[in-house]
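So the chains spell out like this:
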Amino acid sequence: MNPPINLGECVNDFKKRNRDIVPLGEYKKKSALPCHANVLEEDSMEQDIESPVTIHQPKLPKQAREDLPKNINKECAKRKIQRYVRKDGKCNVHHGNVRETYRYLTDIFTTLVDLKWRFNLLIFVMVYTVTWLFFGMIWWLIAYMRGDMDHIGDSTWTPCVSNLNGFVSAFLFSIETETTIGYGYRVITDKCPEGIILLLVQSVLGSIVNAFMVGCMFVKISQPKKRAETLVFSTNAVISMRDGKLCLMFRVGDLRNSHIVEASIRAKLIKSKQTKEGEFIPLNQTDINVGYYTGDDRLFLVSPLIISHEINQQSPFWEISKAQLPKEELEIVVILEGMVEATGNISYTLYKLLLNRVGRDQDASDVTKVIGRLEDEKDKEGNCQAPLPTSALSTSSISVTGMTCQARSSYITSEILWGYRFTPVLTLEDGFYEVDYNSFHETYETNTPVYSAKELAEMASRAQLPLTWSVSSKLDQHAELETEEEEKNQDDQNERNGDVANLENESKV
């Protein structure tokens, strides 16, 4: 009598034999692939007829073969969606195998500004220290080659630098020269032309080093990156009906009393796609319209605002229903940007006013076209709505000198709530409005159809037609109308014939 089959031992034996057959490097690579990729790869290995080596996998009982896909499906269900942008706004992308590192040195200023504070301060100290040591060494070499070290204390000898008796004193004189301290104890004499030239070179290079390093520190300090910490996004996005249309909504707010100037909001859908030609595009970016054409993307962010995206035919969510949403692997990245109120530039504001007047379809990189369109309007109408400053007309391009602040966040499918709305946070108090940020992230459930926007549109179009409408009924309706018209024409003909007969009878009488 055969002993009973142990299912667990069969599965473990199957895994061990597969691991022994497949090379270790390929096994690790295959294990790092997504769950569905592993399943497809195993199937393709069995169907590959071009491979010269055929791998015979051990046969398992039917129960074991049925249990393997279930385990794989459980692992796939537990697998989390990898974020492209984290909730705190940091991009979850690491640049690897960058071989052209010299490009960072060509833009050394931006490289220094982007460094962390500890490295920036280390470079700041090292640059000044190395500069002082370098010129101190040259001052010491000049004094040594002239023989000043052999005539220390000799009143009849005129040294290059008075009271310079070693490398330490030369180093101190280098610091005094570059920082223009001038204590007056060590001074250069007029009998040393090489020292005079070195003094000029160190003064010029010292000024360049000061401008460069102080500029880096100033830009580093004044960067408004921390300003984004007080720009908050709602934890979840919601989908519900608004004005009879299905909309995707999220909320933004500013915790500071100083506002963001020219604040604007954008949204991107991050989702991998495959083209009709079979090309796979990972993390494809698609624009989500949040009011660009209507101007609703430009915000006056004094109190929290709910940003709405209408799900229509141009929306990437047009065919997504409530049941299909959890199955989608997508991410919505929202970007809020604007200028810090205290650092804005009036030239930028003037340009935005011009751009809004001539239309938002104008190229924002060339202000000459904007001013040209205004001049054309002035020639046609004879006057302009507002006089333009001479400086604006004579400027070919305007650069934004205000410090731009950008805050980012993202929403994955598990953070998109279908059938919910945001709790109101703005209340009217005695003489002012109050914002309750305790309810900023709160939502409440509301009646929302579970169908996609496409299905709702089809239902609405069918509701406008008769319930019994069909092709056959429409043909029958046409036939009935034709029959009625024929009967009516026949009745009219009979009436006319009767009138003619009556007239003949009367004439005979």
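Structure first, text after, so check above.
**Here's the deal with a negative patch on the surface**
A cluster of acidic residues, Glu429, Asp430, Glu434, Asp436 and Glu442, forms a negative patch on the protein surface. Here glutamate 434 shows up in strand E13 (residues 433–435).

**Some words on the layout of surface pockets**
Roughly 1400 Å³ of volume is contained in the largest pocket. If you trace the largest pocket, you find 28 residues lining it, with Gly89, Lys90, Asp114, Lys225 and Arg408 closest to the centre. Taken together, the elements giving at least two residues each to the lining of the largest pocket come down to helix H5 (102–106), helix H6 (108–114), helix H7 (117–146), helix H9 (193–222), strand E1 (231–233) and strand E9 (404–412). It is E9 that contributes the most residues to the lining of the largest pocket, four residues altogether. Class assignment of the residues belonging to the lining of the largest pocket gives a composition of 10 nonpolar, seven polar and 11 charged.

**Brief notes about the state of the cysteines**
Think of a disulfide as a covalent bridge from one cysteine sulfur atom to another cysteine sulfur atom. Taken as a whole, this structure holds one disulfide when the rule is applied. There is a disulfide in this structure between cysteine 160 and cysteine 192, and the S-S distance comes to 2.1 Å. Disulfide cysteine 160-cysteine 192: the torsion about the S-S bond is -75 degrees, which places it as left-handed. Of the two residues, cysteine 160 sits in the loop between H7 and helix H8 (167–178) while cysteine 192 sits in the loop between H8 and H9, which places them 32 residues apart along the sequence. Note on accessibility: cysteine 160 and cysteine 192 belong to one class, buried.

So, how was this worked out
Residues numbered from 1 in each chain as written. Predicted model: local features only at pLDDT ≥ 70, side-chain atom pairs only at ≥ 80, totals over all residues. Heavy atoms only, no water. Patch = residues over 30% accessible without salt bridge, like charges linked within 9 Å, V, L, I, M, F, W, Y side chains within 5 Å. Areas by Shrake-Rupley, 256 points an atom, 1.4 Å probe, with all protein chains shown as cover. Salt bridge = Lys/Arg side-chain N within 4 Å of Asp/Glu carboxyl O. Lys, Arg positive; Asp, Glu negative; His and termini not counted. Charge placed at Lys NZ, Arg CZ, Asp CG, Glu CD. Helix = DSSP H or I, 4+ residues; strand = E, 2+ residues; numbered from the N terminus. 1 Å grid on protein atoms, 1.4 Å probe; cavity = no way out; pocket = protein on both sides within 12 Å on 5 of 7 lines; lining within 4 Å. Points joined across faces, edges and corners; volume = space filled by probe spheres on them. Nonpolar A, V, L, I, M, F, W, Y, C, P; charged D, E, K, R; others polar. Disulfide = S-S within 2.5 Å. Buried < 20%, exposed > 50% of the residue type's maximum accessible area, 1.4 Å probe, protein only.

Any functional reading would require information beyond the geometric quantities listed.
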